[in-house]
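Residues per chain are reported as follows:
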Amino acid sequence: MCAWLACSLGPFSIAGAAQIVTRKPVATVRTVSIRNAGAATGDLELQITTSQPVTPQAQIVVSPYRLVIDFPDSSPGDDLHNLAVNRGDVKAIRVGLFAKNPPVTRVVVDLKAPIVYQISPSGQSVVFKLSPAMRATAMPESVPVAAVAPPKPAPRVEVHFKQGIMSIHADKASLAEVLVEVRRQTGADIQIPPGADQEQVFSDLGPAPVQDVMASLLNGSRFNFVMAGSDIDPNALRSVILTARTGGVSMPAESSPQVEATPQQQFPSTTQPEAARPDMRTPPDAAVQPQMPAEQEDPGDTPPPAPPSM
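Just so it is clear, the model here is predicted, and its values are computed rather than measured.

Draft legend 1. Representation of the side chain of S239 within the structure. Within the secondary structure layout, S239 lies in strand β16 (residues 237-244). What makes S239 buried here is its relative accessible area of 15%. The contact partners of S239, leaving out residues within four places of it in the chain, are A188, D189, V226, M227 and A228.

Pasting the structure below:
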């Protein structure tokens, strides 16, 4: 008897189980809608509602790009229809019955470009947040702000020197800073005078020969200067000597030795006989009468002395 009962109850139990599976409730996909989630970012939100909670399965398919969302044990509602979106990276949305037994409703989002998505289920509704993949790749949220280095400030002094040609760019730099950089680039002997750190320079000079650029830099400054070239290399700058000026405009001094100027003559350059010089003539009353030589004098011709006056 027990064996018979076992054989009789076995087929009955299997049929009952099969009947329960076929009678499982089927959900209905009611609405599919899309809206903007951020005008500046290009994000979109896709919302799908069902008659009862359903866990969807989603994946990105390429060639062409599309987001495929399957709702198992679900059938599409009578009011569902395809949507022409043309918004952001979404071209269109298609809805239909993908499989009959068991029923599967498929929602296909046709894309213009790759996207990333996030799923947020909430009861009988599920929301897909769609974001452009390029923006998500270029600006990952995990990158700290400190990783982006601030831009370097532009240098206040730039000096370029090659084969006797120099250029100088100075922006709110002191004359001392410019001279130090010139000394570093040219190797010239330049002593920085006192007060050069208090004179600002705003210049874009050259490219030109080094002596011309240095003259343009120093002319009009508070310093007189002497530049010396090299005896070996005519394109080289050997030294620059600067001295504070007491007044007037700074002018370059000659680099070659100077010859002392001859004092101005007080008299005419044409030589004249002493008798012809007005300041050397003998007054008439001081003229000396010519005398005869002593050996030619005749005593007999000498007049007697005059008698004394009474």
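Draft legend 2. Region of interest: the sheet that holds strand β12 (residues 165-174). Across the sheet, which stays open at both edges, the 3 strands sit in the order β11-β12-β14 with antiparallel pairing between neighbours. Either end of the sheet is taken by a strand with one partner, and the two such strands are β11 (157-162) and β14 (200-209). Recorded for the sheet is a direction-independent mean angle of 10 degrees between the axes of neighbouring strands. Where β11 and β12 come together, 6 bridges link them in antiparallel fashion. The residue of β12 that forms the bridge with F161 is M166. The sheet contacts of helix α3 (residues 175-186) involve β11, β12 and β14, and relative to β12 the element is tilted by about 150 degrees.

Draft legend 3. Expanded view of the packing of aromatic side chains. One pass over the full model with this rule turns up 1 aromatic pair. Geometrically, the ring pair formed by Y117 and F128 is tilted, given 6.3 Å between the ring centres and 50 degrees between the ring planes. Of the two residues, Y117 sits in strand β9 (residues 115-122) while F128 sits in strand β10 (residues 125-132), which places them 11 residues apart along the sequence. Against the face of F98 rests R106, its NZ or CZ located 3.6 Å from the ring centre.

Draft legend 4. A look at unusual backbone geometry. Between S63 and the following residue, P64, the backbone shows a cis peptide bond with an omega angle of -5 degrees. Relative to the assigned elements, P64 resides in the loop between β3 (57-61) and β4 (66-72). G206 connects to P207 through a cis peptide bond whose omega is 0 degrees. Counting through the fold element by element, P207 comes out in strand β14. With a phi close to 55 degrees, S63 is a non-glycine residue in the positive phi region. Relative to the assigned elements, S63 resides in the loop between β3 and β4. Residue Q163 is not a glycine yet carries a positive backbone phi of 50 degrees.

Draft legend 5. Representation of the side chain of S167 within the structure. When you line up the elements, S167 lands in strand β12. A residue is classified by how much of its surface remains accessible, and S167, at 17% relative accessible area, is buried. If sequence neighbours within four positions are ignored, S167 has contacts with E158, V159, H160, L205, G206 and P207.

Draft legend 6. Seen up close, the environment of L205. Following the sequence through the fold, L205 ends up in strand β14. Given the relative accessible area of 17%, L205 is considered buried. Distance from L205 to M166, taken between C-alpha atoms, is 8.2 Å for residues 39 residues apart in sequence. Those residues within four positions of L205 in sequence are excluded, and the remaining contacts are M166, S167, I168, V213, S216 and L217.

Draft legend 7. Broad picture of helix α4 (residues 210-218). Listed in full, the buried residues belonging to α4 are V210, V213, M214, A215, L217 and L218. Buried residues along α4 sit in contact with β11, β12, α3, β14, β15 (223-229) and β16. Backbone geometry just after α4 places G220 at a positive phi near 90 degrees.

The rules behind these values
- Residues numbered from 1 in each chain as written.
- Predicted model: local features only at pLDDT ≥ 70, side-chain atom pairs only at ≥ 80, totals over all residues.
- Heavy atoms only, no water.
- Helix = DSSP H or I, 4+ residues; strand = E, 2+ residues; numbered from the N terminus.
- Buried < 20%, exposed > 50% of the residue type's maximum accessible area, 1.4 Å probe, protein only.
- Contact = heavy atoms within 4.5 Å.
- Pairing = 2+ DSSP bridges.
- Axes fitted to C-alpha atoms, helices over the stretch in contact; angles between N-to-C directions.
- Phe/Tyr/Trp six-rings, centres within 6.5 Å; stacked < 30°, edge-to-face > 60°.
- Lys NZ or Arg CZ within 6 Å of the ring centre and 35° of its normal.

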